Amino acid sequence: MKWWQLSLLGIGCTIGTGYFLGSGIGIKLTGPSMVFSFLIAALGTYIVFHFLAKMTTADPQEGSFCYYAGKAFGRWARFGSAWNYWSTKILIMGSQLTALSILTKFWFPDIPLWIFAAIYAVLSIGVVLLGTKGFDKVENVLAVIKTAAILMFILLSIIALMGWIRGGSDDRPGFPNSYGEVFPGGFPAFWSSLLYAFYAYGGVETIGLMSMQLKNKKDAPKSGKVMLLGLTVIYMISIGLVVFMVSYKLLSEKESPFVTALSSYPLTFFPHVFNGAIIMAGFSTMSASLFAVVNLLVTMAKDGDAPNIFTKKLEKFKKLPLPSLVLAAVGLSASIITALLLPGKIYEYITTAAGILQMYNWTFIIISAYKILKIKTWDVILGGAGILLLLGAVTGTIMEKSIRPGFFVSLILAALVAGVTLIMVRIWNKMQTNAIENS
């Protein structure tokens, strides 16, 4: 794989419903200042990638940041980091499934969410069954489609603002002229919105995991920088157009803010075309997450951090890691059941919890780099700033009552992973003691 292909794949794994739909939650919380949230999140994401790229260049490894955590702090860190990431991706898949189901109800409002969730889950498993080459091809096509959808929104919005399309609302917010208009909910609301901006960049760690497929491993930093720069420019322009064209008060988690922004114009085709593009984007991200957890579990099993059964592959079916896929399917099934039982605010809760667990992983990447690399003073300052930004994104969720449950869900899952890790440490110590005594 060439560096630009990895950049494209990284964009494909990153742009999903967390941006197309989840960004609406953030905009509804903080209004026009969401543009600054995305800029801050871009900075924090770059810092995380900066350290991950340095570790990858110095020591390319299949386990990426999980391996580096173990190298820095021992087996317990590798084990905990890997299972935390696995849990994060399962939650992200649940978030994507719920979002895809909500978006599909745009055309079929009377069909329950769980039916759509089940259909998309089966289709996603089908993509993974295509194998690595088939998966790459599907993801590259979907990456082009979702990027084209954003560019279509930007182009149509500019044309509409220039008056070339008749219609539009008379009470369009326009450019904010005061602090109150930029930060209508004050600093607490802005603080709460940070997580959703960070969540839209979720996927930077995928560059680390997939960098082993590069022809030249040293091109990994270039791939990540191009990906981040492209994402930041596209994100900020499109979010800026949304808050310029429609009041943040009119946004809903049940409809993409981009569709809402152009809803007052006679573009009858746009909601359908864009909704379809968003569904493809979400499906792409969900399939990428499933592909990641399936292959990660195989690596974990090889390292002894998961049962040995997960190393087994079906040689006759493109070396498919069937046991790993089955466990991921169980996680998907749990998401479907959750969508069935809690269809109300579940998307916000799952998205929030997934975003927070992602911040935990990213923080550990920076801390691991401190331990492994020969850090200069500038990198110490940069890493400290990154940790503060990630901490801000996590703690901001406590400030807003509507998304606070997601914070507690993340704590429960993190505590569960920590508890299992402690149990495994005792088992490993006991096995080591017995080995020494027997020798």
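Parameters at a glance
- Residues numbered from 1 in each chain as written.
- Predicted model: local features only at pLDDT ≥ 70, side-chain atom pairs only at ≥ 80, totals over all residues.
- Heavy atoms only, no water.
- UniProt positions renumbered as here; feature names shortened; annotations may be inferred.
- Salt bridge = Lys/Arg side-chain N within 4 Å of Asp/Glu carboxyl O.
- Helix = DSSP H or I, 4+ residues; strand = E, 2+ residues; numbered from the N terminus.
- Buried < 20%, exposed > 50% of the residue type's maximum accessible area, 1.4 Å probe, protein only.
- Contact = heavy atoms within 4.5 Å.
- Core = buried A, V, L, I, M, F, W, Y, C linked by side-chain atoms within 4.5 Å.
- Axes fitted to C-alpha atoms, helices over the stretch in contact; angles between N-to-C directions.
- Parallel < 35°, antiparallel > 145°, perpendicular 65-115°, else oblique.
- Left-handed = near helix turned anticlockwise from the far one by under 90°.
- Nonpolar A, V, L, I, M, F, W, Y, C, P; charged D, E, K, R; others polar.
- Phe/Tyr/Trp six-rings, centres within 6.5 Å; stacked < 30°, edge-to-face > 60°.

Per an unreviewed UniProt entry, the protein chain carries the name Transporter and comes from Paenibacillus solani. Check the Subcellular location (unreviewed entry) section of the UniProt entry for the protein chain; it says "Membrane".

Peer 1: Give me the pattern of salt bridges: which residues, what numbers.
Peer 2: Tallied over the full model, the rule gives four salt bridges. A salt bridge links Asp-379 to Lys-54, with the shortest nitrogen-to-oxygen separation between them at 2.7 Å. You can see Asp-379 sitting in helix α17 (residues 377–395) and its partner Lys-54 sitting in helix α4 (residues 34–58), a full 325 residues away along the chain. For Asp-379, a relative accessible area of 5% corresponds to the buried category. Judged by relative accessible area, which is 34%, Lys-54 ranks as partly exposed. Salt-bridge contacts for Asp-59 lead to Lys-71; the nearest nitrogen and oxygen are separated by 3.1 Å.

Peer 1: Give me the side chain of Thr-363: which residues, what numbers.
Peer 2: Here Thr-363 is to be found in helix α16 (residues 346–372). Looking at Thr-363, the relative accessible area reads 19%, which means it is buried. Non-local contacts of Thr-363, meaning those with residues more than four positions away in its chain, are made with Ile-387 and Leu-390.

Peer 1: Any details on the nonpolar core? Residues and values, ideally.
Peer 2: Core analysis: the biggest nonpolar cluster contains 112 residues, and Tyr-19 and Phe-153 have the highest contact counts within it. Among the elements that line this core, the one with the most residues is helix α14 (residues 270–302), at 16 residues. Ignoring sequence-local partners within four residues, the contact set of Phe-153 consists of Ser-238, Leu-241, Val-242, Phe-258, Ala-261, Leu-262, Phe-270 and Phe-274. With seven residues, the next largest nonpolar core counts Ile-92, Ile-350, Ala-353 and Leu-357 among its residues.

Peer 1: Summarise the packing of helix α7 (residues 113–128) against α14; cite the residues concerned and give the values.
Peer 2: Closest axis-to-axis distance for the α7/α14 pair is 9 Å, and the angle between their directions is 55°. Considering their axes alone, α7 and α14 lie oblique with respect to each other. Both α7 and α14 take part in a crossing whose hand is right-handed. Here Tyr-120, Ala-121, Leu-123, Ser-124, Ile-125, Val-127 and Val-128 of α7 lie close against α14, whose contacting residues are Ile-279, Phe-283, Met-286, Ser-287, Leu-290 and Phe-291. A breakdown of the residues in the contact of α7 with α14 according to their chemical character gives 11 nonpolar, two polar and no charged.

Peer 1: Could you give an account of the environment of Ile-90, with specific residues and numbers?
Peer 2: By the element assignment, Ile-90 lies in helix α6 (residues 75–104). The exposure class assigned to Ile-90 is buried, which follows from its relative accessible area of 11%.

Peer 1: Give a detailed account of the environment of Leu-320, specifying residues and quantitative values.
Peer 2: As for its placement among the helices and strands, Leu-320 is situated in the loop between α14 and α15 (322–341). Overall, Leu-320 belongs to the buried group, its relative accessible area being 6%. Taking the C-alpha atoms as reference, Leu-320 lies 32 Å from Thr-363; in sequence the two are 43 residues apart.

Peer 1: Please provide a residue-by-residue account of the packing of aromatic side chains, values included.
Peer 2: Inspection of the entire model under this criterion finds 31 aromatic pairs. Ring centres of Phe-65 and Tyr-85 lie 4.9 Å apart, and the angle between their planes is 75°; on these two criteria the pair is classed as edge-to-face. Separated by 20 residues along the polypeptide, Phe-65 in helix α5 (residues 64–73) and Tyr-85 in helix α6 bring together distant segments of the chain. Considered together, Phe-65 and Tyr-85 belong to a single accessibility category, that of buried residues. Judged by centre distance (5.1 Å) and plane angle (70°), the ring pair of Tyr-201 and Tyr-235 falls under edge-to-face.

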